[in-house]
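Take a look at the letters that make up each chain.
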Amino acid sequence: MIEISEDKPANFIQHIINEDLEANINGGRVHTRFPPEPNGYLHIGHAKSICLNFGLAKTYGGLCNLRFDDTNPSKEDVEYVESIKRDVRWLGYDWDDRLYYASDYFEKMYEFAVQLIKDGKAYVCDLSPGEIREYRGTLTEPGKESPYRNRSVEENLDLFQRMRDGEFEDGSRVLRAKIDMASPNLNMRDPVLYRIQRGTHHRTGDKWCIYPMYDFAHPISDALEGITHSICTLEFEDHRPLYNWVVENVKIDGDSKPKQIEFARLNLSHTVMSKRKLRQLVEEGYVDGWDDPRMPTISGLRRRGYTPEAIRDFCDRIGVAKSNSMVDIAFLEHCVREDLNKRALRVMAVLNPLKVIIDNYPEDQVEELDAENNPEQPEMGSRKVPFSREIYIERDDFREDPPKKFFRLAPGREVRLKHAYVIKCERVVKDEETGEVIELHCTYDPETKSGSPTASKRKVKGTLHWVSAPHALKAEVRLYDHLFTKENPEEEGEDFKDNLNPDSLEVLTECLVEPSLQDAKPGSRYQFLRKGYFTVDPDTSPEGLVFNRIVSLKDTWAKIQKAQKK
RNA sequence: UGGGGCAUAGCCAAGCGGUAAGGCACACGGCUUUGGACCGUGCAUUCGUAGGUUCGAAUCCUACUGCCCCAGCCA
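Source: prediction; values computed, not measured.

I'm lost on the overall build of chain A in this one. Help?
Tallying secondary structure elements over chain A gives 13 helices and 25 strands in all. For 566 residues, the compact-globule estimate of 2.2 N^0.38 gives 24 Å, and chain A exceeds it by more than 25% at 31 Å. Every one of the 566 residues in chain A was classed for burial, and the buried ones make up 52%. Contacts in chain A between residues at least 24 apart in sequence constitute 71% of all its contacts with a sequence separation of at least 6. Within the structure as shown, chain A displays about 26300 Å² of accessible surface, and the carbon and sulfur contribution to it stands at 46%.

Could you clarify how one ought to interpret the packing of aromatic side chains in this entry?
The geometry of an aromatic ring pair comes down to the distance between the two centres and the angle between the two planes. Within this structure, the stated rule accounts for 21 aromatic pairs. Where Tyr-41 meets Trp-290, the ring centres are 4.9 Å apart and the plane angle is 20 degrees; that geometry is what we call stacked. With Tyr-41 in the loop between strand E1 (31–34) and helix H2 (44–59) and Trp-290 in the loop between helix H9 (275–283) and helix H10 (298–304), this pair connects stretches of sequence that are 249 residues apart. With centroids separated by 4.9 Å and ring planes inclined at 35 degrees, the aromatic side chains of Tyr-214 and Phe-236 adopt a geometry described as tilted. A residue pair is termed long-range when its members are at least 10 positions apart, and Tyr-214 in helix H7 (residues 214–224) and Phe-236 in the loop between strand E8 (229–233) and helix H8 (240–249) qualify at 22 residues. Taking the relative accessible area as the measure of exposure, Tyr-214 reaches 24% and is therefore partly exposed.

Help me out: how do you make sense of the side chain of Asn-501 in this one?
Relative to the elements of secondary structure, Asn-501 occurs in the loop between strand E21 (473–480) and strand E22 (505–513). In this structure Asn-501 comes out as buried when scored by relative accessible area, which is 12%. There is a polar contact of 2.9 Å between the side chain of Asn-501 and the backbone nitrogen of Asp-503.

What is the right way to look at H9 in this model?
For an α-helix, the turn length of 3.6 residues means that residues three or four places apart are oriented alike. For H9, the full list of buried residues reads Lys-277, Leu-278, Gln-280, Leu-281 and Val-282. Trailing H9 by a residue or two, Gly-285 shows a phi angle of about 75 degrees, which is positive.

Help me out: how do you make sense of the pattern of salt bridges in this one?
Two side chains with opposite charge may pair up if their charged atoms get near one another. For the coordinates displayed, the defined rule picks out 53 salt bridges. Its salt-bridge partner being Asp-339, residue Arg-343 comes within 2.9 Å of it at the nearest N-O pair. Taken together, the residues span about one helical turn, with Arg-343 and Asp-339 both in helix H12 (residues 329–343) at a distance of 4 residues. Arg-343 sits in the partly exposed class, given a relative accessible area of 34%.

Looking at this structure, I do not really get the nonpolar core. What am I missing?
Note that soluble globular proteins tend to have their nonpolar side chains buried in a common cluster. By size, the foremost hydrophobic cluster in this structure holds 39 residues, and its most contacted members are Val-88, Ile-311 and Phe-314. Those elements that provide at least two residues to this core are H2, strand E2 (63–68), helix H3 (78–90), H10, helix H11 (308–318), H12 and strand E25 (545–552). It is H2 that contributes the most residues to this core, 6 residues altogether. Those residues in contact with Ile-311, other than ones at most four positions away along the chain, are Ile-44, Ala-47, Trp-90, Leu-91, Leu-301 and Tyr-306.

Is there a simple way to explain the packing of helix H4 (residues 106–118) against H7 in this structure?
Think of two packed helices as two axes; the pair is described by the angle between the axes and how far apart they sit. Direction vectors running N to C along H4 and H7 enclose 110 degrees, while the axes themselves pass 11 Å from each other. For the element pair H4 / H7, the angle class is roughly perpendicular. As H4 packs across H7, the resulting crossing turns out to be right-handed. Here H4 contributes Lys-108, Met-109, Phe-112, Ala-113 and Leu-116 to the contact with H7, which in turn contributes Phe-216, Ala-217, Ile-220, Ser-221 and Leu-224. When its residues are assigned to classes, the contact of H4 with H7 shows 8 nonpolar, 1 polar and 1 charged.

Teacher, can you tell me more about the pairing of E1 here?
Burial of the side chains of E1 extends over both faces: His-31 and Arg-33 are buried on one face and Thr-32 and Phe-34 on the other. Crossover handedness for the path E1 to H2 to E2: right-handed.

Any chance you could explain the protein's contact with RNA strand B here in plain terms?
Looking at RNA strand B, there are 70 residues lining it, with Arg-346, Glu-376, Arg-408, Ser-450 and Gln-527 nearest. What you see for RNA strand B is that sugar and phosphate hold 65% of its atoms within 4 Å of the protein. Measuring from a phosphate oxygen of RNA strand B, one finds a side-chain N or O atom of His-15 at 3.0 Å. Between RNA strand B and Glu-376, the relevant distance is 2.2 Å, taken from a sugar or linking oxygen to a side-chain nitrogen or oxygen of the residue. Those elements giving two or more residues to the surface near RNA strand B turn out to be helix H5 (129–136), strand E6 (192–196), H11, H12 and helix H13 (556–565). Classifying every residue of the surface near RNA strand B gives 28 nonpolar, 20 polar and 22 charged.

Is there a simple way to think about unusual backbone geometry in this case?
Phi is mostly negative for residues that are not glycine, and the peptide bonds are mostly trans. You will see that Asn-24, though not glycine, has its phi angle at about 55 degrees, which is positive. You can call Asn-24 partly exposed: its relative accessible area is 49%. The phi angle at His-419 is positive, at roughly 70 degrees, despite the residue not being glycine. Tracing the chain through its elements places His-419 in the loop between strand E16 (414–417) and strand E17 (422–430).

How do you make sense of the sheet that holds strand E12 (residues 353–358) when you look at a structure like this?
Note on sheets: strands pair through backbone hydrogen bonds, and any given pair is parallel or antiparallel. The strand order across the open sheet formed by 7 strands is E19-E16-E17-E18-E12-E15-E20, and the pairing between neighbours is mixed. For this open sheet the edge positions go to strand E19 (463–464) and strand E20 (466–468), each flanked by a neighbour on one side alone. Bridging between strand E15 (residues 390–394) and E20 involves 3 bridges; their strand directions are antiparallel. Pairing of Ile-393 across the sheet is with Trp-466, part of E20.

How should the environment of Phe-406 be read in this particular structure?
For Phe-406, the location among the structural elements is in the loop between E15 and E16. You can call Phe-406 buried: its relative accessible area is 2%. Linking Phe-406 and His-31, residues 375 residues apart in sequence, is a C-alpha distance of 58 Å.

Rules behind the numbers
Residues numbered from 1 in each chain as written. Chains lettered and ligands numbered in written order. Predicted model: local features only at pLDDT ≥ 70, side-chain atom pairs only at ≥ 80, totals over all residues. Heavy atoms only, no water. Helix = DSSP H or I, 4+ residues; strand = E, 2+ residues; numbered from the N terminus. Rg over C-alpha atoms; globule rule 2.2 N^0.38 Å. Buried < 20%, exposed > 50% of the residue type's maximum accessible area, 1.4 Å probe, protein only. Contact = heavy atoms within 4.5 Å. Areas by Shrake-Rupley, 256 points an atom, 1.4 Å probe, with all protein chains shown as cover. Phe/Tyr/Trp six-rings, centres within 6.5 Å; stacked < 30°, edge-to-face > 60°. Polar contact = N/O pair within 3.5 Å; in protein donor to acceptor, adjacent residues only side chain to side chain. Salt bridge = Lys/Arg side-chain N within 4 Å of Asp/Glu carboxyl O. Core = buried A, V, L, I, M, F, W, Y, C linked by side-chain atoms within 4.5 Å. Axes fitted to C-alpha atoms, helices over the stretch in contact; angles between N-to-C directions. Parallel < 35°, antiparallel > 145°, perpendicular 65-115°, else oblique. Left-handed = near helix turned anticlockwise from the far one by under 90°. Nonpolar A, V, L, I, M, F, W, Y, C, P; charged D, E, K, R; others polar. Right-handed = clockwise from strand over helix to strand, strands pointing away. Near = heavy atom within 4 Å. Pairing = 2+ DSSP bridges.

The values are spatial; any link to function lies outside them.
Rendered as structure tokens:
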């Protein structure tokens, strides 16, 4: 019995494991597995399963295997197995030497099938796919037995061997379990165990032309690996009797009796999670690839700048239960903010620059000002930031006609420049034709220098970030927003693509960042003061820095503005 | 209409017969050289509905309602 911790109550799976341990089932072992099919990229929903399976193994001192469920060569590819391994590792999990493939067990599975035939529990069926469907019956009516159901063991053995030998065409015959055509559970109406399907498998090549179905391969793989708790999602609940039937009827060496437990998969608001839909977004060009920073894929989140720690924390905090639910994406965002707040270096970057000339600041003077790297973590030290007569501030931080509660710069108003001085806006220069504000002329008060004893002689309500004009570095900044405008884009009766957010990506090419970012490395993360958390995109080159916005900072002013509009 | 599940706040989610944890969101206040962070306060007289059992019910019983999944030779 394990109590995880005082402040984190056990979930229902842990309760089950606790009971099993108490009853000494499987000799007190806990052994789980993460069993992806290599037919797509992993997404945040898989992360929930990965954290659950590897996490359970860790808290109970057990093991978790990585196993590729590769029983359908027509859909699977090595590209996916490589990406999956990379993603699991990146999330922080290690399968040691326990990397398995269902295809490793094909020979054994074949033997188990032969044994089932010998026991009179499986038969070769010649019905066409359409006929099998007809014979299966419906939700409310029982099925009919196949005319091939009572073939002799010898005939079945011969036919199954010849299926393997490639004597029959794809789809012409299958091996079926002999269970109960009248079962109210459709999965038990003589389910297909093997089908003939020619196609080159990414691992076994052309060795096989028959492949086991999930329902046959999965329990066998679990039993072979000594899995104790086989955790899957809710839609497999109806398959559990069949899972148990296979475990009971296939005589596998070893004492492991795996138990299937189902939990609710993760749904996240403002995005889609099905492989089919994600693939569609990629293939039809709605996004830039599987690792587009707007995608809920692990590779997308990684490129977006999410940390594995934040994702693990998220998975840990959403809980595990059996009710279908939709987690607000704001919660995921909260988790990264919380993580990055502790560790991200603070720097200044101006996304939409507006020039400010400080008229009373000496023409050629440059000061190297002290700037803390992270007020939360003083041990992260400080850096120097150049200050000069011409600087840039955020265009949004100036309003010629400031609304109520606007604490920033406006004609005649004073604000503090972070790490520097208090300045006052004296004059606004506008383009004569368009009326657009081109530059601001300000004065500064030398006594208000940050850190000096007289720094706070003036009380100002606003503090702005800025960059020194002659020192700033140009950068491209990509602002990402939710991929979909609707909380649930897959709502019934509509095309999910109609709910795509047209503003999910905004590219700013005229941004200016402080010079300390000169050698920023791809993958490193920063807080752009007052703006949000950003990461250096791999598109960064000697020609220019490229940043992705991971998530914005919480913005009280935006909230006030929204309220004022109403 | 068969079978399998699930219903606790706007969103997650504890609770397992002794009188509704926690987080997110939201609101208000404090602090602040980030309108960030942080700190404090508020936020379910009630657990899908209706009955019943009990001194006592979100927890047990009965009936009902709503939602999800299942008729691939996909996983």
